[in-house]
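Here is how the chains run, residue by residue.
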Amino acid sequence: MMKAGGQQQHRRKIQAETSLLLLLFLLSCSRICVAFNSSSFHPLINRHRMRRSQSHRQKLKGIQHDSRFMTPINSQSILESPDQVLAAWTFAFASSHIGLSSTRSNIIRSLGETANSLNLVGNEEWVLPSWWPGDNTGGNKIFPDVLTAGRQVYRVFYTAVSFLTLGSAFGAYFESSSVALDVSGAQQSTLLYNSCILSAALSFGAAIASLVNASPLGLMPSFEADDGTEMSGSVAGIRRDDTLKFAAKGLTRITRHPLILPVVPWGIATTILVGGRPCDAIFFGGLSIYSIAGCYFQDLRVIREEGSVGTVFQTESGGTKEGLGEDEQERTRLRSFFEQTSFIPFKAVFDGRQSFDDIIREAPWLQFFVGTIVGVYLEEKILQLLAEWSV
């Protein structure tokens, strides 16, 4: 009885958190609509009108009404400076993602039940393209069951929140960066500039390589060659099997978060490369902090067996006492993966759980080298675009 009462209280807590997140999402939508209609959401299109003089920042406090906003701006405003607006939107992006991830099981379940009530689950006409391998459970159906339908709708919702919050933060960054950027490297020493470019490029390389060396904590699927059993979802001899990600291999022997943690050195390097202004530290440094916090709280959910992580893996304990069901097998393998890997890069190597020999043998080096070369181009292109858009 006590356990049932605790579960009911936990469920009510999750529902309250979900309701709060939905409210914040609706408020974000209304804020974006206001900004969109008032042109403040178009810093790239209207940047010359937004920055008509070098004294733009000094005029903000003295101005009584700005045509770019629907409300007057004065010294009594809650957010008085562009940097504060940027910090608020960056925090909104990070907190909404961590919050949505921590409550996603309840949201997925509710969305799945809603899709089922609309007769969307099991629809034979809604299938994946013939060239995309399905998984080993639902085949090529988009909504094969209630939970899968909930996950698909959740991803759309998650993407929408990302676009609204990160897009707003990006727009606020350009609003805040009223000083023209010098990304030529003249302000840094040659060694520092090249080191930051290399750090950013290596971060791109690691993230790109992780797409073919996925972790069970990430959303990237895993594929294998069909063994000839003619399982549903097999295309051109390839089928999807996310359980393959449970085995520590290559990059996941270094860290269990090979896709997200590279954001940390990239954010720090980019902050330095664009000048190290407060707005640079808030935005790019904020993304670095978010990546650490997001990965930490994801690990915490697995340790506490709360909700789900990655693509489909549940972490909550099941009620089966005799034998191990499919969900319990996934949880057992996920716990085993955690015991073999580390959050901090190379920690599992230094404490003897993994070896450099296995990493060297299994890492996707081709994808890493190609990704690093692409990363050099992308980082220089990002700096060039930032320099053009910030004036």
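What counts, and at which threshold
Residues numbered from 1 in each chain as written. Predicted model: local features only at pLDDT ≥ 70, side-chain atom pairs only at ≥ 80, totals over all residues. Heavy atoms only, no water. Helix = DSSP H or I, 4+ residues; strand = E, 2+ residues; numbered from the N terminus. Buried < 20%, exposed > 50% of the residue type's maximum accessible area, 1.4 Å probe, protein only. Contact = heavy atoms within 4.5 Å. Areas by Shrake-Rupley, 256 points an atom, 1.4 Å probe, with all protein chains shown as cover. Salt bridge = Lys/Arg side-chain N within 4 Å of Asp/Glu carboxyl O. Axes fitted to C-alpha atoms, helices over the stretch in contact; angles between N-to-C directions. Parallel < 35°, antiparallel > 145°, perpendicular 65-115°, else oblique. Left-handed = near helix turned anticlockwise from the far one by under 90°. Nonpolar A, V, L, I, M, F, W, Y, C, P; charged D, E, K, R; others polar. Core = buried A, V, L, I, M, F, W, Y, C linked by side-chain atoms within 4.5 Å. Phe/Tyr/Trp six-rings, centres within 6.5 Å; stacked < 30°, edge-to-face > 60°. Polar contact = N/O pair within 3.5 Å; in protein donor to acceptor, adjacent residues only side chain to side chain.

A. Representation of the overall build of the protein. Helix and strand counts for the protein come out as 13 helices and four strands. Counting across all 391 residues of the protein, residues that qualify as buried make up 43%. Long-range contacts, defined as pairs at least 24 residues apart, comprise 71% of the intrachain contacts of the protein with a sequence gap of at least 6. When the accessible area of the protein is evaluated, it comes to approximately 21,000 Å², of which 63% is carbon and sulfur surface.

B. Representation of the pattern of salt bridges in the model. Overall, the coordinates contain eight salt bridges when judged by the stated rule. Across the salt bridge formed by Arg253 and Glu362, the nearest N and O atoms sit 2.6 Å from each other. In this pair, Arg253 sits in the loop between strand S2 (238-240) and helix H8 (263-273) while Glu362 sits in helix H12 (residues 356-362), placing the two residues 109 residues apart along the sequence. Given a relative accessible area of 21%, Glu362 falls into the partly exposed group. One salt bridge in this structure joins Arg361 and Asp358, with 2.6 Å as the shortest N-O distance. Taken as a pair, Arg361 and Asp358 lie in helix H12 at a separation of three residues, close to a single helical turn. Each of Arg253, Asp358, Arg361 and Glu362 takes part in one network of salt bridges that share partners.

C. Structural view of the packing of helix H4 (residues 82-102) against helix H6 (residues 146-176). Packing of H4 against H6 brings their axes to within 8 Å, and their N-to-C directions diverge by 165°. Taken as axis vectors, H4 and H6 run roughly antiparallel relative to one another. Crossing handedness for the pair H4 and H6: left-handed. Class assignment of the residues belonging to the contact of H4 with H6 gives a composition of 16 nonpolar, eight polar and two charged.

D. Geometry of unusual backbone geometry. Look at Asn119: it is not a glycine, yet its phi comes out positive at around 60°. If you trace the backbone, Asn119 turns up in the loop between helix H5 (104-117) and H6. Judged by its relative accessible area of 63%, Asn119 falls in the exposed class. Residues other than glycine seldom take positive phi values, yet Phe346 does so here, at roughly 70°. Residue position: Phe346 is located in the loop between helix H10 (326-340) and helix H11 (347-350).

E. Just the environment of Ile272, in detail. When you line up the elements, Ile272 lands in helix H8. Measuring from C-alpha to C-alpha, the distance between Ile272 and Phe284 comes to 9.6 Å, with 12 residues separating the pair along the chain.

F. Up close: the nonpolar core. By size, the foremost hydrophobic cluster in this structure holds 32 residues, and its most contacted members are Leu100, Tyr173, Phe283 and Phe284. The biggest single contributor to this core is H6, with eight residues.

G. Region of interest: the packing of helix H7 (residues 190-209) against H8. It is the contact of H7 with H8, at a shortest axis distance of 8 Å, that shows an interaxial angle of 150°. Crossing geometry of H7 relative to H8 is assigned as left-handed. Contacts between H7 and H8 involve Leu192, Tyr193, Cys196, Ile197, Ser199, Ala200, Ser203 and Phe204 on the former and, on the latter, Pro265, Trp266, Ala269, Ile272 and Leu273. Counted by class, the contact of H7 with H8 contains 11 nonpolar, two polar and no charged residues.

H. A look at the packing of aromatic side chains. Taken as a whole and assessed by the stated rule, the structure comprises 17 aromatic pairs. Ring geometry for Tyr296 against Phe297: centres 5.5 Å apart, planes inclined by 75°, an arrangement best described as edge-to-face. A relative accessible area of 37% means that Phe297 is categorised as partly exposed. Among the aromatic residues, ring-to-ring pairing joins Phe170, Tyr173, Phe174, Phe204, Trp266, Phe283 and Phe284 into one connected group.

I. Spatial organisation of the side chain of Gln354. Take Gln354: it is sitting in the loop between H11 and H12. In this structure the side chain of Gln354 is engaged in a polar contact, spanning 2.4 Å, whose partner is the side chain of Arg253. A polar atom in the side chain of Gln354 sits 2.7 Å from the backbone oxygen of Gln340. Residues in contact with Gln354, not counting those within four places in the same chain, are Ala248, Arg253, Gln340, Ala348 and Val349.

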